[in-house]
Amino acid sequence: MIDFQLILEKLPAFFGGDDGQAVMSTRDGLMMTLELLFISLALGMAMAVPMALMQVSKNRLASGAVRVYGYVFRGTPLLVQLFIIYYGLAQFGWVRDSWAWHYLQEAYFCAILAFTLNTAAYTTEIIAGQIRNTHWGEIEAAQAMGMSKWLMMRRIVLPSALRRALPAYSNEVIMMLQSTAIAGLVTLADITGVARRIYADSYMAFEPFLTAGAIYLALTFLLVWLMKQAEKRWLAYLAPRKH
């Protein structure tokens, strides 16, 4: 039987209200998950745009470096990347003696770093692919207006590519939401981390993880809806004409 009393009793913990505290009084649970998600996505996008431009450039050194980066971070599990950053780097003395150790000893920073590097690799491929698929008519129109290569890239190609990348990028956003669940393995109290803590206290696994799953499902539906609204707004010009 499902213990609904336990679910109701522990539900505030998923919203930052554990141990009798008011909801949202801490960053545990939902707030931690949303922080990890949106900060990583923002930093990943900031990295992905210039790397996508490097990847489609004719500079072999720049494009090759970005391709190697993408192969490494898309070819290895995110959990492995997180463990290498959080646990692995600590074994090197020069890392512990550097200025970076102040940040690398914090689980929060390591999780943000791992998620950012991972999503940047995938987002780079998405944007680069859409830059390559830019319609030749847009290029010719920009050239006819006398635009330079970089002005055309900034005002025509890149904005168009970012809009057309929305459907694929929405999948990346959802995947990153699911990926934040591993943050609990490095002591962070995200949604899954709170569920693991409740399980450790009550020795009942089904109820806390069922609650966590329901929260992730609700967040997924919300993000899908938001991305669909963005697609309707910015991809309206690609929709079939209504007769």
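Going along each chain's sequence as written, the residues are numbered from 1 onward. Local features are withheld for residues below a pLDDT of 70 in this predicted model, meaning they are given only at 70 or higher, and side-chain atom pairs are given and counted only at 80 or more; totals for whole chains, interfaces and linings count all residues. Side-chain measures here rest on the full set of heavy atoms in the structure, leaving out hydrogens and waters.

**Brief notes about the packing of helix α3 (residues 60–75) against helix α7 (residues 107–132)**
Threshold: Helix axes are fitted only over the stretch in contact, all axes being lines through C-alpha atoms; the angle between N-to-C directions runs from 0 to 180 degrees. What counts as a helix is a DSSP run of H or I of at least four residues, what counts as a strand is a run of E of at least two, and both are numbered from the N terminus. Angle categories are assigned with fixed cut-offs, so that under 35 degrees is roughly parallel, over 145 is roughly antiparallel, 65 to 115 is roughly perpendicular, and the rest are oblique. Crossing handedness is read from the near helix: turned anticlockwise from the far helix by less than a right angle, it gives a left-handed crossing, and turned clockwise, a right-handed one. Here, residues are in contact when the closest pair of their heavy atoms is within 4.5 Å. Basically, the charged four are Asp, Glu, Lys and Arg, the nonpolar ten are Ala, Val, Leu, Ile, Met, Phe, Trp, Tyr, Cys and Pro, and anything else, Gly included, counts as polar.
At a minimum axis separation of 9 Å, α3 and α7 run at an interaxial angle of 130 degrees. When the interaxial angle is binned, α3 and α7 end up oblique. The two elements α3 and α7 cross, and the hand of that crossing is left-handed. Here V66, R67, Y69, G70, F73 and R74 of α3 lie close against α7, whose contacting residues are L117, N118, A120, A121, Y122, T124, E125 and R132. Tallied by class, residues from the contact of α3 with α7 come to 7 nonpolar, 3 polar and 4 charged.

**Some points on unusual backbone geometry**
Condition: Note on exposure labels: buried denotes an accessible area under 20% of the residue type's maximum, exposed denotes more than 50%, and partly exposed covers the range between, all computed with a 1.4 Å probe on protein chains only.
Not every positive phi belongs to a glycine, and T187 is a case in point at roughly 80 degrees. Inspection of the secondary structure puts T187 in the loop between α10 (166–179) and α11 (191–202). Take T187: its relative accessible area is 61%, and that puts it in the exposed class. At Y203, a residue that is not glycine, the phi angle is positive and equals roughly 60 degrees. Along the chain, Y203 turns up in the loop between α11 and α12 (206–234).

**Observations concerning a nonpolar patch on the surface**
Which entries qualify depends on this criterion: A residue counts toward a patch only above 30% relative accessible area and without a salt bridge, and it is joined to like-charged neighbours within 9 Å or, for Val, Leu, Ile, Met, Phe, Trp and Tyr, to nonpolar neighbours within 5 Å. Accessibility throughout is a Shrake-Rupley quantity obtained with a 1.4 Å probe, and a residue counts as covered only by protein chains that appear here. For this analysis, a salt bridge means a side-chain nitrogen from Lys or Arg found within 4 Å of a carboxyl oxygen belonging to Asp or Glu.
Together, I2, F4, F206 and L210 give the surface a local cluster of nonpolar side chains, amounting to about 400 Å² of exposed area. In this fold, I2 is placed in the segment before α1 (4–10).

**Describing empty space enclosed by the protein**
Quick note on the threshold: Two kinds of site are reported from a 1 Å grid over the protein atoms alone, namely cavities, where a 1.4 Å probe fits but cannot get out, and pockets, open sets with protein on both sides within 12 Å along at least five of seven lines, and residues are called lining when an atom falls within 4 Å of a point. Grid points are joined across faces, edges and corners, and a volume is the space filled by probe spheres set on the points.
If you walk through the whole model with that rule in mind, you get 1 cavity of 30 Å³ or more. If you add up the space inside the largest cavity, you get close to 30 Å³. Together, L6, I7, K10, L11, F14, I198, E207, P208 and T211 line the largest cavity. Of all the secondary-structure elements, those providing two or more residues to the lining of the largest cavity are α1 and α12.

**Here's the deal with the pattern of salt bridges**
Note that side chains of opposite charge can pair when their charged atoms are close. Counted according to the given criterion, the structure contains 3 salt bridges. Across the pair R197 and D28 runs a salt bridge, and its minimum N-O distance is 3.4 Å. Separated by 169 residues along the polypeptide, R197 in helix α11 and D28 in the loop between α1 and α2 (30–56) bring together distant segments of the chain. The shortest N-O distance in the salt bridge between R74 and E125 comes to 3.5 Å. Here R74 is found in helix α3, whereas its partner E125 is found in helix α7, with 51 residues between them in sequence.

**Remarks on α3**
Which entries qualify depends on this criterion: Multiplying 1.5 Å by the residue count of a helix minus one yields the expected span of that helix. Think of the arc as the fan of directions from the helix axis to the C-beta atoms.
Taking 1.5 Å of rise per residue, the 16 residues of α3 would be expected to cover 22 Å, and the 21 Å separating its terminal C-alpha atoms lies within 8% of that figure. For α3, the set of buried residues is A62, S63, V66, Y69, G70 and F73. What you see down the axis of α3 is that its buried residues fit within an arc of 125 degrees, all on one side. Of the residues in α3, the exposed ones pointing more than 90 degrees away from the buried face are R60, L61, Y71 and G75. Its buried side turned inward, α3 meets α2, α4 (78–88) and α7.

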